Amino acid sequence: MPYDGNYTVGSEPRSTSDGRITLKVGETATISGLPAGSTYQVQEIEVPAGWLLKSATGNLSGAIAANETAGLTFTNEYATSGWVQLMAYKQLEGGTVEDGQFEFELLDSTDKVIETVKNGPVDTNETIPDPDHTGTGTAPEVANPAYGLAPVYFSTLTFDEETTETYTIREQIPADAEETESGIWVKDGIVYDGSTWTVTVEMSDNGNGTLTPTVTYAKDGTSADMATFTNTLEPTSLTVRKSLENEQLSESAQANATFTFTLSLKDATGASLAEPIDGQVYNEDGTKVEGEFGTVTVSDGGSFSLGAGQYVVFDEVPVGTVYEVTEEDKPGWTQVADNTTGTSGTLGSEGAEAVVTNAYSARGTATFRATKLYNGSVPEDGQFTFLLVDETEGSESEGMLLQSVTNNEFGQIEFQPIEYTEADDGKTFTYSLYEQNGGEENISYDNSVVKVEVTVADNGDGTLAITTTYNGEANPYEFQNWLAVTLARTGGPGVWAASVGTVVVALGCLAYLRRKRERDLHDAKHARR
């Protein structure tokens with residue numbers, strides 16, 4: 001049964017009723033006056049945290065002999081233990097870190113490599129439970145500072161005493177990476193982070209056998225909550241060139257030859273590039289464009305403009321950027337697919353060039369018209385025929401009959417439209433328009449030959465300004481035919497009337513013969529051609 005009685009610790013009297021005796025380091029408890037033959041059993045219980053029973057000397061159990069003292073000594077030893085896991089984080093600006101893509105080294109204070117590990121998968125948790133939550137219930141969610149970063153875990157480090165240790169974390173540069181003139185290391189378009197992080201670990205004794213770590217990360221003397229290594233994609237160039245197929249353009253087309261482009265810029269994840277890119281504009285001969293139009297700054301989805309033959313060079317674009325160049329539609333201009341290249345793709349270290357080639361064209365038509373009267377009234381539909389002859393000097397169809405049409409029921413004369421192109425800019429075309437003599441003896445035909453002139457001017461937007469004149473006038477010419485009348489001859493006073501009628505008819509015949517002669521000369525001229 002448990003001892004119930006008195007004992008002393010040094011000169012201090014104490015007592016127990018349950019057999020428990022509590023001693024501090026270096027103290028001794030003495031129980032006096034025990035009857036001879038009394039049996040006992042002693043054991044150390046409820047050892048404080050951090051303390052271990054190292055040894056026990058003397059008989060832990062037995063019987064008390066007369067006039068003898070049974071002595072027992074318990075020896076304890078204090079021991080501490082603790083651990084810490086060091087880590088870092090990895091990010092790739094403009095790209096995504098793949099699981100196990102990069103390697104990292106942990107070095108001790110003598111620069112000895114303790115361990116080499118690879119990064120893990122990117123942390124995709126936008127929030128985490130609040131690590132500082134101390135109340136009851138579920139911890140509230142807070143922003144995850146490691147969101148989008150790839151963690152780097154080193155193995156746990158163990159300690160058995162209070163201490164302060166210093167370590168170094170660095171990224172391992174691939175052996176086949178190339179060092180640039182500026183001292184940075186590059187491989188496969190990735191610029192490696194050559195920085196080092198100093199990690200200080202302070203292990204503090206809690207007095208209960210445990211050690212609590214305090215870890216601080218610092219780079220270049222500046223402390224941070226965590227060690228982050230940032231690799232970047234090597235800058236490369238993207239050139240966008242505006243090319244034209246037309247060897248010569250009208251002044252209006254040249255003045256209007258400014259083209260607008262939209263540029264899509266995505267990283268490997270499909271997200272927009274974080275930073276805009278700057279470009280220098282050059283003329284076709286390689287000279288820089290100065291002033292406000294000489295430089296452009298573009299973000300994803302932004303736009304810029306180039307003149308004919310100009311090109312822009314963006315020389316700080318990250319390798320791996322997914323780009324697409326889109327040209328806005330422009331009246332009069334069409335994109336030449338066979339000569340438009342490199343308008344989309346993924347940038348490698350060698351860069352890329354997008355060439356957008358356009359061809360300019362302009363179209364316009366002239367429709368020649370006239371009107372017809374017969375005896376001062378509208379003729380029958382299709383009663384008279386009219387001809388159009390090309391009189392343009394040097395043209396392939398000079399002197400040739402181009403069209404033949406008849407009047408409609410309203411006396412209107414309309415030829416089929418004649419088309420002109422941008423190549424006709426600044427030119428004048430000449431035609432002759434006249435009525436064909438149908439050979440009807442009782443009809444006095446209008447033998448007029450109308451000079452039709454057409455001037456063409458390029459508007460520079462795919463359309464042509466076409467001006468048509470008829471014998472120098474803007475209004476179409478009006479042809480008139482008359483019914484020929486023969487007057488009866490009578491005696492007396494009627495002779496005078498007949499004479500007057502004869503004079504009128506004679507004058508009409510003279511006018512008719514004069515026009516007929518002009519017409520015959522005109523027909524003979526074209527017959528010789």
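The rules we used
Numbering of residues begins from 1 in every chain and follows the order in which that chain's sequence is written. Local features are withheld for residues below a pLDDT of 70 in this predicted model, meaning they are given only at 70 or higher, and side-chain atom pairs are given and counted only at 80 or more; totals for whole chains, interfaces and linings count all residues. To obtain the side-chain values, all non-hydrogen atoms of the structure were used and water was disregarded. Counting from the N terminus, the helices are DSSP H or I runs at least four residues long and the strands are E runs at least two residues long. With the radius of gyration taken over C-alpha atoms, the globule rule is written as 2.2 Å times the number of residues to the power 0.38. Type-normalised accessible area, obtained with a 1.4 Å probe on protein chains alone, sets the label of each residue: buried when under 20%, exposed when over 50%, and partly exposed for intermediate values. Methods summary: accessible areas were calculated by the Shrake-Rupley approach with a probe of 1.4 Å, and residue burial reflects only the protein chains presented. What makes a patch is a set of residues exposed beyond 30% relative accessible area and free of salt bridges, joined within 9 Å when like-charged and within 5 Å when nonpolar (Val, Leu, Ile, Met, Phe, Trp, Tyr). Whenever Lys or Arg places a side-chain nitrogen within 4 Å of a carboxyl oxygen from Asp or Glu, that contact is recorded as a salt bridge. Here the aromatic set is Phe, Tyr and Trp, taking the six-membered ring for Trp, and pairing holds for ring centres within 6.5 Å; pairs whose planes are under 30 degrees apart are stacked, those over 60 apart are edge-to-face, and all others are tilted. By definition, being over a ring means that NZ of Lys or CZ of Arg is both within 6 Å of the ring centre and within 35 degrees of the ring normal. Nitrogen and oxygen atoms within 3.5 Å of one another constitute a polar contact, given that in protein one can donate a hydrogen and the other can accept it, and given that sequence-neighbouring residues count only through two side-chain atoms. Any two residues whose heavy atoms approach within 4.5 Å are treated as being in contact. One bridge is not enough; two strands pair if DSSP finds at least two bridges between them. To form a nonpolar core, buried Ala, Val, Leu, Ile, Met, Phe, Trp, Tyr and Cys residues must be joined to one another through side-chain atoms within 4.5 Å. Think of pLDDT as the predictor's per-residue confidence, scored from 0 to 100. Orientation is described by axes fitted as lines to C-alpha atoms, over the contacting stretch for helices, and by angles from 0 to 180 degrees between their N-to-C directions.

(A) Representation of the overall build of the protein. Looking only at helices and strands, the protein features 2 helices and 44 strands. For 529 residues, the compact-globule estimate of 2.2 N^0.38 gives 24 Å, and the C-alpha radius of gyration of the protein, at 54 Å, exceeds that figure by more than 25%. Within the span of the protein, comprising 529 residues, buried residues form 33% of the whole. As displayed, the protein has an accessible area near 31,000 Å², and 47% of this comes from carbon and sulfur atoms.

(B) Quick peek at a nonpolar patch on the surface. The grouping of Val-25, Val-47 and Trp-51 at the surface amounts to a nonpolar patch, some 270 Å² of accessible area in total. The topology assignment puts Val-47 in the loop between β4 (39–41) and β5 (51–57).

(C) Structural view of the packing of aromatic side chains. Within the structure shown, the criterion is met by 14 aromatic pairs. With a centroid separation of 5.2 Å and an interplanar angle of 15°, the aromatic rings of Tyr-282 and Tyr-311 are classed as stacked. Here Tyr-282 is found in strand β26 (residues 277–282), whereas its partner Tyr-311 is found in strand β29 (residues 311–318), with 29 residues between them in sequence. Comparing Tyr-282 with Tyr-311, the two get one shared label, buried. Residues Trp-333 and Tyr-360 carry aromatic rings whose centres are separated by 4.9 Å and whose planes lie at 50° to one another, so their mutual orientation is tilted. Taken together, the residues span a long stretch of sequence, with Trp-333 in strand β31 (residues 333–335) and Tyr-360 in strand β33 (residues 352–360) at a distance of 27 residues. Tyr-360 shares its class with Trp-333; the two are buried. Taken together, the ring pairs in this structure connect Phe-259, Trp-333 and Tyr-360 into an aromatic cluster. Stacked on the ring of Phe-102, the Lys or Arg Lys-90 has its end atom at 4.9 Å from the ring centre. Over the face of the ring belonging to Tyr-311 we find Arg-241, whose NZ or CZ atom lies 4.2 Å from the ring centre.

(D) Representation of the side chain of Glu-327 in the model. Take Glu-327: it is sitting in strand β30 (residues 322–327). Residue classification places Glu-327 among the buried residues on the basis of a relative accessible area of 13%. In terms of polar contacts, Glu-327 uses its side chain to reach the side chain of Gln-335, at 3.1 Å. In this structure the side chain of Glu-327 is engaged in a polar contact, spanning 3.2 Å, whose partner is the side chain of Asn-358. With residues up to four places along the chain from it excluded, the contact list for Glu-327 reads Lys-242, Phe-259, Thr-260, Phe-261, Gln-335, Val-356 and Asn-358.

(E) Inspection of the sheet that holds strand β35 (residues 369–374) at higher detail. Pairing is mixed in the open sheet, where 4 strands are placed in the order β38-β35-β44-β41. Sheet topology places β38 (412–414) and β41 (443–444) at the edges, where each strand pairs with a single neighbour. Relative to strand β44 (residues 477–483), β41 runs antiparallel, the two being bridged by 2 bridges. Each bridged residue has a counterpart across the sheet, and for Ile-443 the counterpart in β44 is Leu-483.

(F) Focus on the pairing of strand β24 (residues 235–244). Two strands pair when backbone bridges link them, and β24 and β29 are joined in this way by 6 bridges, in the antiparallel orientation. Its bridge partner being in β29, Pro-235 is matched across the sheet by Pro-318. Pairing of β24 with β33 involves 7 bridges; the strand directions are parallel. Residue pairing in the sheet places Val-240 in a bridge with Ala-354 of β33.

(G) Representation of the nonpolar core in the model. Grouped together as the largest cluster of nonpolar side chains are 52 residues, with contacts concentrated most on Leu-263, Phe-304, Phe-314, Phe-368, Tyr-420, Tyr-431 and Leu-433. Setting aside residues up to four positions removed in sequence, Tyr-431 forms contacts with Phe-368, Leu-388, Val-389, Asp-390, Glu-391, Leu-402, Ile-418, Tyr-420, Val-450, Lys-451, Val-452 and Val-454. One finds Leu-106, Ala-146, Ile-169 and Val-199 within the second-largest nonpolar core, a separate group that totals 32 residues.

(H) Here's a closer look at the environment of Tyr-477. Position of Tyr-477 among the secondary structure elements: in strand β44. Along the sequence, Tyr-477 and Lys-372 sit 105 residues apart, while their C-alpha atoms lie 8.7 Å from each other. With sequence-adjacent residues up to four places away left out, Tyr-477 is seen in contact with Arg-369, Ala-370, Thr-371, Asp-446, Ser-448, Val-450, Tyr-470 and Asn-471. For Tyr-477, the side chain forms a polar contact with the side chain of Ser-448, separated by 2.8 Å.

(I) Layout of the confidence of the model for the protein. Within the protein, residue pLDDT values average 90, and 92% of them lie at 70 or more. With pLDDT under 50 throughout, residues 524–529 is counted as low confidence; its partners more than four residues away or in other chains account for 7 contacts.

(J) Layout of the sheet that holds strand β43 (residues 464–470). Reading across from one edge, β37-β36-β40-β42-β43 is the order of the 5 strands in this open sheet, with antiparallel pairing throughout. Among the strands making up the open sheet, the edge pair consists of β37 (401–406) and β43. Neighbour-to-neighbour, the strand axes of the sheet open up by a mean angle of 20°, direction not taken into account. Pairing of strand β36 (residues 385–390) with β37 involves 5 bridges; the strand directions are antiparallel. Residue Val-389 lies in a different strand from β37, and its bridge partner there is Leu-401.

(K) Molecular detail of the pattern of salt bridges. According to the stated counting rule, one finds 14 salt bridges in the structure shown. One salt bridge connects Asp-176 with Lys-187, and the closest N-O pair in it is separated by 3.2 Å. Within this pair, whereas Asp-176 is found in the loop between β16 (163–171) and β17 (178–179), its partner Lys-187 is found in strand β18 (residues 185–187), the two being separated by 11 residues in sequence. Glu-327 is the salt-bridge partner of Lys-242, the closest N and O atoms lying 2.7 Å from each other.

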